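# Survey of secondary and tertiary structure
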Amino acid sequence: MEYFKKVPVIQFEGKESKNPYAFKYYNPESIVMGKSMKEHLKFALSYWHTMCGNGNDPFGSATIDRSYGQSDPMEHAKAKADAAFELMNKLGIEYFCFHDVDIAPEGDSIAELKDNLAEITGYIKGLMDTYQKKLLWGTANCFSHPRYMHGAGTSCSADSFAFAATQIKNAIDATIQLGGSGYVFWGGREGYDTLLNTNMALEQDNMARLMKMAVDYGRKNGFKGDFYIEPKPKEPTKHQYDFDVATVLAFLRKYGLEKDFKMNIEANHATLAGHNFQHELRVARENNAFGSIDANQGDLLLGWDTDQFPTNVYESTLCMYEVIKAGGFTNGGLNFDAKVKRSSFEPEDIALAYIAGMDSFALGLLFAVKIIEDGRIDGFVEDRYASYQSGIGKAIVEGKTSLEELEKYALSKGEVEITSGKQEYLETLLNNIIFG
Ligand code: XUL
Ligand code: CO
């Protein structure tokens, strides 16, 4: 059965092409800085938005048919998997990411979910072999079910904690069985709505306990990939503990988890935290915690996580600049945690959306390479801090001076000679490099 009949296998046709079903910039095999575009970008399909998202929102019901022609839950799950691999195949996407409940029916109990997940994992393994696809990361959905209304690892209920632990154990098993290179913790409800009912210290200690158990279990069972935390400041809770990269780093270090965990950074989560995407990537990179990316974009006029397909090329350029500076992806990749708009309801819209995202990141990669090869922006930054390369600046960075010595130096100087930050010049230089 073919699910996306109007979608052909998407080829690179170049920027002059008028064919909507063609890549204009993403040429998977073309070599950029010694690596193919495909290797640089490591695109992944998000199972939840892509295969499950039906366009419903708080004001209206589903607009998109994701039934795949089936009503029996297990048959539906299998048809959905067939459709997912058809789409990955047509788009030339090598990786995918899932939550347990995206791929397997929840059933009526956690025991049924366990059995369903085991069965579907086997089914997906077969499709992965047929289509030569890989799992980027797996995760457990410990936020949708009513039992997690107060959180999962941070719930006031020890039973909710135990159920979350069970889902996580089974999702780690599925991730290992499918050869996944990552396992994600996104703390959807790991936060609070009011401090009036919250024991914050116990909740955070418990979250760390759950993560430690997950690491111990995964490592004991042969999982060699990375664990990730995906920061997000709010939504659905008012305050989510994994607020941003800096907050997560402090958490990991407090509980001694920093060796096993890296960051999965999502663009729209960065903006919700009052940062930009590049900021979050930079903080992770400079702390050796850069892991993977959830690529999407928000709408700055809307205050929530709109999870739109990324088409802002400045954003993708500065993202890929950080990725290259981080040495590229190792276990991570670029997962499109993005959904089509509610009104983009035709089956082929999802393919067009992926083409838009993939082409935007291909452009971002090409422009990031141009920035690096041009060298003027990096050179500007280096020159800006040149005063730390000799004299008193060198003594400061080498820790070889003191307040007394610095005072002596300052008093002998008269006043500071300072240079401009030249932001406007750099912004037009960026345009100049991008547009040529
Ligand atoms: C929610 C979100 C999640 C995580 C995985 O905002 O981004 O889909 O990526 O749980
Ligand atoms: Co995400």
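So, here is what we can say about the structure in this document. (Residues numbered from 1 in each chain as written. Chains lettered and ligands numbered in written order. Predicted model: local features only at pLDDT ≥ 70, side-chain atom pairs only at ≥ 80, totals over all residues. Heavy atoms only, no water.)

### So, the coordination of the cobalt ion (ligand 2)
Quick reminder of the rule: For Na, K and Ca the donor cutoff is 3.2 Å, while for all other metals N, O and S atoms must lie within 2.8 Å; water is not among the atoms, so some sites may look incomplete. Geometry is assigned from the angles between donors: four donors with all angles from 85 to 135 degrees make a tetrahedral site, four or six donors whose opposite pairs exceed 155 degrees while the rest stay between 65 and 115 make square planar or octahedral sites respectively, and everything else is labelled irregular. For helices the rule is a DSSP run of H or I covering at least 4 residues; for strands it is a run of E covering at least 2, with both sets numbered from the N terminus onward.
The coordination sphere of the cobalt ion (ligand 2) contains the protein donors E230 (OE), E266 (OE), D294 (OD) and D337 (OD), at a distance range of 1.9 to 2.1 Å. Each of the 6 donor atoms bound to the cobalt ion (ligand 2) contributes to angles spanning 82 to 171°, and the resulting shape is octahedral. In terms of primary sequence, the donors binding the cobalt ion (ligand 2) are separated according to E-x35-E-x27-D-x42-D. Taken together, the positions of E230 in the loop between strand 10 (226-229) and strand 11 (239-240) and E266 in strand 12 (residues 261-266) put the pair 36 residues apart, joining distant regions of the chain.

### Brief notes about the site of ligand 1
Test applied: Throughout, the term near means that a residue has one or more heavy atoms lying within 4 Å of the molecule or strand in question. Here a polar contact means two N or O atoms within 3.5 Å. Within protein one must be a hydrogen donor candidate and the other an acceptor candidate, and residues neighboring in sequence count only if both atoms are side-chain atoms. Each accessible area is a Shrake-Rupley result for a 1.4 Å probe, and residues are judged covered by the shown protein chains and nothing else. A cavity, in this analysis, means grid points on a 1 Å lattice covering only the protein atoms where a 1.4 Å probe fits yet has no way out; a pocket is instead an open set bounded by protein on both sides within 12 Å along at least five of seven lines, and a residue lines either one if it has an atom within 4 Å of a point. Whether a molecule sits in a cavity or pocket is decided by its atoms, more than half of which must lie within 2 Å of the grid points. Only Asp, Glu, Lys and Arg are considered charged in this grouping, and only Ala, Val, Leu, Ile, Met, Phe, Trp, Tyr, Cys and Pro are considered nonpolar; every other residue, Gly among them, is considered polar.
Around ligand 1, a shell composed of W48, H99, W186, E230, K232, E266, H269, D294, D305 and D337 is seen. One of the side-chain nitrogen or oxygen atoms of D294 is found 2.9 Å away from an oxygen atom of ligand 1. Here an oxygen atom of ligand 1 sits 3.0 Å away from a polar atom, N or O, in the side chain of D305. Starting from 300 Å² of accessible surface for ligand 1 in isolation, the protein chains cover 93%. In a pocket analysis with a 2 Å cut-off to the grid points, ligand 1 is assigned to the largest pocket. Counted by class, the shell around ligand 1 contains 2 nonpolar, 2 polar and 6 charged residues.

### Here's the deal with the nonpolar core
Basically, it comes down to this: Each nonpolar core is a collection of buried residues, namely Ala, Val, Leu, Ile, Met, Phe, Trp, Tyr and Cys, held together in the definition by side-chain atoms within 4.5 Å. Note on classification: 1.4 Å probe, protein chains only; a residue is buried when its accessible area is under 20% of the maximum for its type, exposed when over 50%, partly exposed between these limits. The contact definition used throughout considers only heavy atoms, calling two residues in contact when any of these lie within 4.5 Å.
Core analysis: the biggest nonpolar cluster contains 121 residues, and Y47, F96, I124, I293, L334 and F361 have the highest contact counts within it. By residue number, the principal contributor to this core is helix 12 (residues 347-374), which donates 15 residues. Excluding its chain neighbours within four sequence positions, the residues that come into contact with L334 are L41, K42, F43, A44, L136, I293, A295, M320, F329 and F361.

### A word on unusual backbone geometry
For the bond from E235 to P236, the omega torsion is 10°, close enough to zero to count as cis. Even without being glycine, Y68 reaches a positive phi, approximately 50°. Although it is not a glycine, D307 adopts a positive phi angle of roughly 50°. Its relative accessible area of 7% is what places D307 among the buried residues.

### Things to note about the pairing of strand 12
The following threshold applies: Paired strands, in this sense, are two strands between which DSSP finds at least two bridges.
Of all 6 residues that make up strand 12, 5 are buried, and the element is covered over most of its length. For strand 10 and strand 12, the ladder comprises 3 bridges, and the chain directions are parallel. Considered in strand 12, the bridge of Y228 is made with K262. Relative to strand 13 (residues 290-294), strand 12 runs parallel, the two being bridged by 4 bridges. Residue E266 lies in a different strand from strand 13, and its bridge partner there is D294.

### Focus: empty space enclosed by the protein
Empty space among the atoms becomes apparent when a probe as large as a water molecule is rolled across them. Operational definition: Grid points are joined across faces, edges and corners, and a volume is the space filled by probe spheres set on the points.
Under the criterion given, the structure shown has 5 cavities of 30 Å³ or more. Roughly 140 Å³ of volume is contained in the largest cavity. Lining the largest cavity are 17 residues, and of these A140, C142, F185, W186 and E190 sit closest to its centre. For the lining of the largest cavity, the elements supplying multiple residues, two or more each, are strand 8 (182-185) and helix 7 (200-220). Grouping the amino acids of the lining of the largest cavity by side-chain chemistry returns 12 nonpolar, 3 polar and 2 charged.

### Things to note about a nonpolar patch on the surface
Selection criterion: Within the patch definition used here, like charges are joined within 9 Å and nonpolar side chains (Val, Leu, Ile, Met, Phe, Trp, Tyr) within 5 Å, considering only residues with over 30% relative accessible area and no salt bridge. Any Lys or Arg side-chain nitrogen located within 4 Å of an Asp or Glu carboxyl oxygen qualifies as a salt bridge.
Side chains of V381, Y385, Y388, I396 and V397 sit close together on the surface and give an oily, nonpolar patch of about 460 Å² of accessible area. Structurally, Y385 is set in the loop between helix 13 (376-384) and helix 14 (391-397). By relative accessible area, which is 43% here, Y385 ends up partly exposed.

### Here's the deal with the packing of helix 6 (residues 158-177) against helix 7
Applied cut-off: Every axis in this analysis is a line fitted to C-alpha atoms, fitted for helices over the stretch in contact. Angles between the N-to-C directions lie between 0 and 180 degrees. Roughly parallel here means an angle under 35 degrees, roughly antiparallel means over 145, roughly perpendicular means 65 to 115, and every remaining angle is called oblique. Take the far helix as your reference; a near helix turned counterclockwise from it by less than a right angle gives a left-handed crossing, and one turned clockwise gives a right-handed crossing.
For the pair helix 6 and helix 7, interaxial distance at closest approach is 10 Å and the crossing angle is 30°. Looking at the two axes, helix 6 sits roughly parallel to helix 7. Here the hand of the crossing between helix 6 and helix 7 comes out right-handed. Only N206, L210, M213, A214, Y217 and G218 of helix 7 make contact with helix 6, whose side of the interface consists of F161, A165, I168, K169, I172, D173 and I176. Here the contact of helix 6 with helix 7 is composed, by residue class, of 9 nonpolar, 2 polar and 2 charged.

Function-wise, these values are silent; they only describe arrangement.
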